[in-house]
Amino acid sequence: MGRARLYPDEPSGPFPSPPSTIEDREGRDIEIRAPGELTTDLDAVVEMYDQFDPTDRAQGIPPTGEDRIRNWLETIADESVNVIAHHKPDGDIDVDSSADSDGEVIAHAMLVPDADDPAAIEDNGDIEWELAIFVLQDYQQAGIGTHLLKHLLGHASDVGIERVWLTVERWNNPAIALYERVGFEASGTESFEQEMSIRLE
Amino acid sequence: MNVLVGLGGSDESIKTLRQTIDRTQDVGDDLTIAVLEKPESKRSQDEMYEEATDLLSEAGVDADLVRLEGDPGSALVDHAEQGEFDQLVIGGGTLSPMGKIQLGPITEFVLLNAPTTVKLVR
Ligand SMILES: CC(C)(COP(=O)(O)OP(=O)(O)OC[C@H]1O[C@@H](n2cnc3c(N)ncnc32)[C@H](O)[C@@H]1OP(=O)(O)O)[C@@H](O)C(=O)NCCC(=O)NCCS
């Protein structure tokens, strides 16, 4: 860990900051926000991953089964930077004040620091951050991934993050198209995974 | 079974070797250990060779220990082709900070080119 990766010389951005509400291509209202800490939304996020189609897993994540999902998220939750998308329930006919009026979580994207001791990070700009993004199957190909990714990068920039990297399976064309669109460039050696990186302004 | 294990010098290599030694003890496989030349590794080829010697003697297991020079993937596959091996064992990838499994270019080369069954150790 901590290996220096290559980054584009030119920074990308600016990207929008959460919170935002967007309308996806199916006309659904999608609210994107950044929880202060993932722990506050952990149950809802675990539930989303529990519904995730296992055929859409990427390099072993998300794990399957509620316990393993929870365990995985708790391990990385502490110092991670997150954005969550909710599908806001249709119409405000029923304005009951139930706590669940947020709607269900339908997508999640996060950054995890590549640091041996994440608790000791002084400046987010010193660290390289690994990105992952997941959109629930019924909500894919409606533009949500693109919006969510941009908001994650906007939020990252707000908290002083400059270098973001990821690996993606070489045949995962939807993901690669998405990453390239916002400014990620291929970096590092190609094997089963393609490494990509972006520099934020 | 005649088993060839390839070690590049990472922590993963140590885990792979330990598991392979355990299995050798359980089932009585014939074991050959190839220490590869991988300059970017945590352990140098010499250090990996020594550590492998130590682990073998600790376990009281007899194995052939060889050093392979040159490109690690092709050197290992070459060696596998020349011997009468039934299985080639290598490390099964590292975990990224996110928990993603990452297989490097050597693993890819070995999987695509090896003449034998390949085992990835996790
Ligand atoms: C990758 C992923 C996050 C994309 O989310 P999404 O909400 O579907 O993305 P968008 O709708 O914003 O699509 C972005 C672009 O990707 C491409 N794309 C999306 N789905 C595609 C598909 N099935 N085949 C080919 N291209 C596709 C298109 O170019 C699309 O552009 P468009 O808006 O002009 O159609 C989502 O498919 C997903 O969660 N996949 C499973 C998990 C995963 O692989 N994550 C990435 C690795 S961590």
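The structure this text deals with has already been given above.
## Comments concerning the pairing of strand 1 (residues 2-7) of chain B
Residues and elements named next belong to chain B. Counting buried positions along strand 1 yields five of six residues, so the element is predominantly enclosed. Taken together, the six bridges between strand 1 and strand 2 (residues 30-36) define a ladder with parallel strand orientation. Following the sheet pairing, V5 is matched in strand 2 by I33. In this fold, strand 1 hands off to helix 1 (residues 11-27), which returns the chain to strand 2; that crossover is right-handed. Relative to strand 4 (residues 87-91), strand 1 is paired through three bridges, and the arrangement is parallel. When the sheet's bridge partners are listed, V3 is paired in strand 4 with Q87.

## Focus: the interface of chain A and chain B
Accessible area lost upon the coming together of the parts serves often as the stated size of an interface. Across the contact, 21 residues belong to chain A and twelve residues belong to chain B. Summing both sides of the interface, chain A and chain B together bury roughly 1400 Å²; the carbon and sulfur share of this comes to 59%. Of all residues in chain A, A:Q59, A:E130 and A:F192 give up the largest surface area on contact with chain B, accounting jointly for 36% of the area buried on that side. Counting across the chain A and chain B interface gives one salt bridge. Counting across the interface, chain A meets chain B through ten residue pairs in polar contact (both at pLDDT 80 or more). Secondary-structure elements contributing two or more residues to the side of chain A that touches chain B are helix 2 (66-77), strand 4 (105-113), strand 5 (128-135) and strand 6 (163-169) of chain A. Residues belonging to the side of chain A that touches chain B are distributed by class as follows: twelve nonpolar, five polar and four charged.

## Remarks on the site of the ligand
What surrounds the ligand is a group of 23 residues, the closest being A:Q141, A:G143, A:G145, A:T146 and A:R181. Surrounding the ligand is a set of residues that belongs to chains A and B. Within the backbone of A:P174, a nitrogen or oxygen atom sits 3.4 Å from an oxygen atom of the ligand. Here the ligand has 920 Å² of accessible area as a free molecule, and 79% of this is covered by the chains.

## A closer look at a negative patch on the surface
On the surface, A:E37, A:D78, A:E79, A:D116 and A:D117 cluster together to form a negatively charged patch. Take A:E37: it is sitting in the loop between strand 2 (29-33) and helix 1 (42-50).

## Things to note about the sheet that holds strand 1 of chain B
All names here are of chain B. One open sheet accounts for five strands, arranged 3-2-1-4-7; its pairing is parallel. Only two strands of the sheet have a single neighbouring strand rather than two, namely strand 3 (64-68) and strand 7 (117-121). Here the average twist between neighbouring strands, direction ignored, is 25 degrees. Contacts from helix 2 (residues 45-59) reach strand 1, strand 2 and strand 3, with the element oriented near 170 degrees to strand 3.

Rules used throughout
- Just so you know, the residues in each chain are numbered from 1, in the order the chain's sequence is written.
- Labels follow written order: the first chain is A, the first ligand is 1, and so on.
- Whole-chain, interface and lining totals are the exception, using all residues; otherwise, since this is a predicted model, local features are given only for residues with pLDDT of at least 70 and side-chain atom pairs are given and counted only at 80 or more.
- Here the side-chain values reflect all heavy atoms present in the structure, with hydrogen atoms and water set aside.
- Each residue is assigned to one of three classes by its accessible area relative to the maximum for its type, calculated with a 1.4 Å probe on protein chains only: buried under 20%, partly exposed between the two thresholds, exposed over 50%.
- Helix and strand assignments come from DSSP, with helices taken as H or I runs of at least 4 residues and strands as E runs of at least 2, each series counted from the N terminus.
- Paired strands, in this sense, are two strands between which DSSP finds at least two bridges.
- Crossover handedness is defined by viewing with both strands directed away from the observer: a clockwise path from the first strand over the helix to the second marks the crossover as right-handed.
- By the convention used here, residues are in contact when the closest approach between their heavy atoms is within 4.5 Å.
- By definition, the buried area sums, over both parts, the 1.4 Å-probe accessible area that each loses when the two are put together.
- Each reported salt bridge corresponds to a side-chain nitrogen of Lys or Arg within 4 Å of a carboxyl oxygen of Asp or Glu.
- Polar contact is defined as a pair of N or O atoms within 3.5 Å, subject to the rule that within protein one atom must be able to donate a hydrogen and the other to accept it, and that residues adjacent in sequence are counted only when both atoms are side-chain atoms.
- Residues are grouped as follows: Ala, Val, Leu, Ile, Met, Phe, Trp, Tyr, Cys and Pro are nonpolar; Asp, Glu, Lys and Arg are charged; all remaining types, including Gly, are polar.
- What makes a residue near a molecule or strand is one non-hydrogen atom of that residue sitting within 4 Å of it.
- Each accessible area is a Shrake-Rupley estimate made with a 1.4 Å probe; only the visible protein chains count as cover when residues are assessed.
- Put simply, a patch holds well-exposed residues, over 30% relative accessible area, that have no salt bridge, with like charges counted together within 9 Å and Val, Leu, Ile, Met, Phe, Trp or Tyr side chains within 5 Å.
- Note that His is not counted, nor are the chain ends; the positive residues are Lys and Arg, and the negative ones are Asp and Glu.
- Every charge is mapped to an atom, namely NZ of Lys, CZ of Arg, CG of Asp or CD of Glu.
- Axes here refer to lines fitted to C-alpha atoms; in helices the fit is confined to the stretch in contact. Angles between the N-to-C directions go from 0 to 180 degrees.

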